[in-house]
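Chain and residue survey
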Amino acid sequence: MARVIGGLTTSHIPAIGNAVPREKELVNDPYWKEFFAAYPPARAWVDRVRPDVVVVIYNDHGLNFFLDKMPTFAIGAAFEYKNADEGWGIPTIPPFQGDPELSWHIIESLVGDEFDVTTCQEMLVDHGFTVPMSLFWPNNSYSNVRTVPVQINTVQHPLPSPMRCFRLGQAIGRAIESYPKDLKVVVLGTGGLSHQLDGERAGFINKKFDLMCLDKIVSDPEALARYSIHELVREAGAQGAEFILWLAMRGVLHRNVTRIHSSYHVAISNTATGMLVLENAA
Amino acid sequence: MNVGAHDELPIPGTYIFDGKAAMKGYALNKMCYSFNEARNREEFLKDEDAYCRKYGLNEEQRKAIRERNVLAMIHAGGCIYYLAKFAGIFGLTVQDVGAQQRGMPVEDFKKMLQAQGD
């Protein structure tokens with residue numbers, strides 16, 4: 001049977017996508033040093049557990065989806081996923097392998113569980129997907145890992161509630177663990193932590209709230225899932241609502257998890273960055 | 001605690017991009033979405049007026065685009081994720097865009113960001 005080994009989270013700021021190819025020189029740069037220093041231990045964990053598949057829970061920022069048709073939850077079921085420059089020049093990197101058989105199993109299971117998702121046989125993945133993958137698989141070394149993209153709408157309100165996203169994660173967890181093939185699966189939730197790009201409050205960061213979330217998501221995620229979207233926007237900023245992606249990731253994991261690594265850094269670009277490596281209790 | 005009780009209280013300096021805004025800003029956002037393609041960015045730069053007409057921007061949206069005024073674009077229904085693609089044409093980052101909206105120099109905006117980590 002397939003097993004969920006653990007979960008990863010990281011911010012997915014486009015500026016990181018531009019910095020990753022220059023990481024070797026930037027590890028000594030005062031601006032980037034602390035940020036990049038957090039990743040080698042996380043990569044060591046990825047190397048150790050060697051997942052066959054990564055389920056990537058992210059938000060599209062207007063590359064694949066537009067307002068003409070805006071799914072709340074969308075799942076990729078393609079053989080391959082490509083990125084694009086998104087209009088402002090993020091590097092295009094080698095395509096990501098899909099696992100359509102597992103995707104369809106998850107889709108069947110989710111719809112059976114009353115999560116009526118949109119299915120995508122063609123899907124461009126944007127920085128919400130690619131930046132975390134290139135952080136945890138440096139030098140684009142992801143050719144041996146297959147991916148299942150799970151996209152959650154954070155562009156157009158109403159967004160799905162934090163509790164709904166947490167429960168979606170739980171349903172994805174049940175789906176994976178009922179898949180008959182022996183696979184090691186890691187779930188990656190991207191985005192966050194506090195940040196706001198638009199309005200007169202642009203640049204808002206809330207360190208106290210972020211640190212509380214980094215702590216509680218390990219021990220008591222349901223307490224965080226009880227926030228409303230409006231409260232998340234107020235406490236974490238307009239784009240800090242991306243924390244719902246972390247909650248969906250956490251839902252996939254078991255109730256008891258071990259925190260392997262975590263980091264928090266203010267700021268890269270307009271964002272307070274956070275990273276977590278969690279392992280399912282045996 | 002009833003966590004829903006404060007849901008309707010507005011958050012100062014924050015715009016919720018909801019259905020109402022999405023309808024109002026549809027043409028503007030659709031134009032900005034088109035900038036995912038390099039050839040559309042080139043077409044815009046070649047003849048900005050013609051490109052805005054092609055997407056049916058209203059006068060408020062056209063003025064905001066002409067003046068490169070991000071807050072005015074948001075008031076006209078713009079969604080920051082699409083507007084970022086417009087800003088990208090001119091090599092502007094989210095920090096430039098943030099500083100413009102707050103009405104402060106970019107260097108001060110950057111300092112303000114870092115100071116929130118203390």
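Look up: the structure comes first, before these words.
Residues numbered from 1 in each chain as written. Chains lettered and ligands numbered in written order. Predicted model: local features only at pLDDT ≥ 70, side-chain atom pairs only at ≥ 80, totals over all residues.

This part is about the overall build of chain B. From N to C terminus, chain B includes nine helices and zero strands. The order of α-helices and β-strands along chain B, N terminus first, is α-α-α-α-α-α-α-α-α. Counting only C-alpha atoms, chain B reaches 50 × 35 × 25 Å along its principal axes. In chain B, the proportion of contacts linking residues at least 24 apart, taken out of those at least 6 apart, comes to 59%. (Helix = DSSP H or I, 4+ residues; strand = E, 2+ residues; numbered from the N terminus. Contact = placed C-beta atoms within 7 Å.)

What follows deals with the overall build of chain A. Secondary structure summary: chain A contains eleven helices and ten strands in total. For 282 residues, the compact-globule estimate of 2.2 N^0.38 gives 19 Å, and the C-alpha radius of gyration of chain A, at 17 Å, lies within 12% of that figure. Seen through its principal axes, chain A has C-alpha atoms that stretch 50 × 40 × 40 Å. Looking at chain A as a whole, 57% of its 282 residues qualify as buried. Long-range contacts, defined as pairs at least 24 residues apart, comprise 83% of the intrachain contacts of chain A with a sequence gap of at least 6. (Rg over C-alpha atoms; globule rule 2.2 N^0.38 Å. Buried ≥ 20, exposed ≤ 12 C-beta atoms within 10 Å, placed from the backbone.)

Before going further, it helps to examine the interface of chain B and chain A. At the interface, 38 residues of chain B touch 35 residues of chain A. When residues of the side of chain B that touches chain A are traced back to their parent elements, those giving at least two are α2 (26-34), α7 (80-89), α8 (94-102) and α9 (106-115) of chain B. For the side of chain B that touches chain A, the per-class residue count stands at 21 nonpolar, twelve polar and five charged. (Nonpolar A, V, L, I, M, F, W, Y, C, P; charged D, E, K, R; others polar.)

Okay, the pairing of strand β3 (residues 73-76) of chain A next. Residues and elements named next belong to chain A. Examined bridge by bridge, β3 and strand β7 (residues 146-152) share three bridges and lie antiparallel to one another. Each residue of the ladder has a partner; that of I75, found in β7, is V150. By the bridge criterion, three bridges tie β3 to strand β6 (residues 118-120) in an arrangement that is parallel. Opposite A74, over in β6, you have T118 as the bridge partner. (Pairing = 2+ DSSP bridges.)

Before going further, it helps to examine the packing of α8(B) against α9(B). Residues and elements named next belong to chain B. Orientation of α8 relative to α9, taken along the N-to-C sense of each, is 100°, at an axis distance of 9 Å. The angle between α8 and α9 places the two elements in the roughly perpendicular class. On α9, the residues that touch Q95, D96, G98, A99 and R102 of α8 are V106, F109 and K110. Tallied by class, residues from the contact of α8 with α9 come to three nonpolar, two polar and three charged. (Axes fitted to C-alpha atoms, helices over the stretch in contact; angles between N-to-C directions. Parallel < 35°, antiparallel > 145°, perpendicular 65-115°, else oblique.)

All names here are of chain B. Tracing the sequence through the fold places G19 in helix α1 (residues 19-24). Residue classification places G19 among the exposed residues on the basis of 11 C-beta atoms within 10 Å. The spacing of G19 and A50 is 31 residues in sequence and 28 Å in space, taken between C-alpha atoms.

A few words on the packing of helix α5 (residues 100-112) of chain A against helix α7 (residues 162-176) of chain A. All names here are of chain A. α7 packs onto α5 with a crossing angle of 125° between their chain directions and a minimal axis gap of 9 Å. With respect to α7, the axis of α5 lies oblique. The handedness of the crossing between α5 and α7 comes out as right-handed. Of α7, the residues touching α5 (which contributes H105, I106, S109 and L110) are A171, I172, R174, A175 and I176. (Left-handed = near helix turned anticlockwise from the far one by under 90°.)

Right, let's talk about the nonpolar core for a bit. One broad rule of soluble globular proteins: the nonpolar side chains tend to lie buried together. Ranked by size, the top nonpolar core spans 121 residues in total, and within it A:V55, A:I57, A:I172, A:V187, A:A248 and B:L83 carry the most contacts. A total of eight residues in this core trace back to one element, the largest contributor, which is helix α11 (residues 243-252) of chain A. Leave out the neighbours within four places in its chain, and A:I172 touches A:V55, A:I106, A:L110, A:V150 and A:V252. (Core = buried A, V, L, I, M, F, W, Y, C linked by C-beta atoms within 7 Å.)

For the rest of this paragraph, the subject is the environment of A:P180. With respect to the helices, strands and loops of the structure, A:P180 is situated in the loop between α7 and β8 (184-190). A:P180 sits 177 residues away from A:R3 along the chain, and the two C-alpha atoms are 9.9 Å apart.

Right, let's get into the environment of B:G77. Residues and elements named next belong to chain B. Within the element layout of this structure, G77 appears in the loop between α6 (70-75) and α7. For G77, a count of 22 C-beta atoms within 10 Å translates into the label buried. In the structure, G77 is positioned 18 residues away from Q95 in sequence and 21 Å away in space, judged by C-alpha atoms. Apart from the residues within four sequence positions on either side, G77 is in contact with A21, K24, G25 and L28.

All names here are of chain A. With eight of its ten residues buried, strand β10 (residues 271-280) lies for the most part within the structure. Alignment of strand β1 (residues 3-10) against β10, held across five bridges, turns out to be antiparallel. Of the residues in β10, the one forming a bridge with G6 is E279. In terms of strand pairing, strand β9 (residues 257-268) meets β10 through ten bridges, oriented antiparallel. Across the sheet, the residue bridging to I268 is T271, located in β10. Between β9 and the antiparallel strand that follows it, β10, lie two residues; S269 among them carries a positive phi value of about 55°.

A separate point is unusual backbone geometry. All names here are of chain A. Cis geometry is adopted by the peptide bond preceding L193, which originates at G192 and carries an omega value of -10°. As for its placement among the helices and strands, L193 is situated in the loop between β8 and α8 (207-219). One non-glycine residue with positive phi stands out, namely N140, at about 55°. Summarising the element assignment, N140 is placed in the loop between α6 (127-136) and β7. For S269, which is not a glycine, the phi torsion comes out positive at approximately 55°. Position of S269 among the secondary structure elements: in the loop between β9 and β10.

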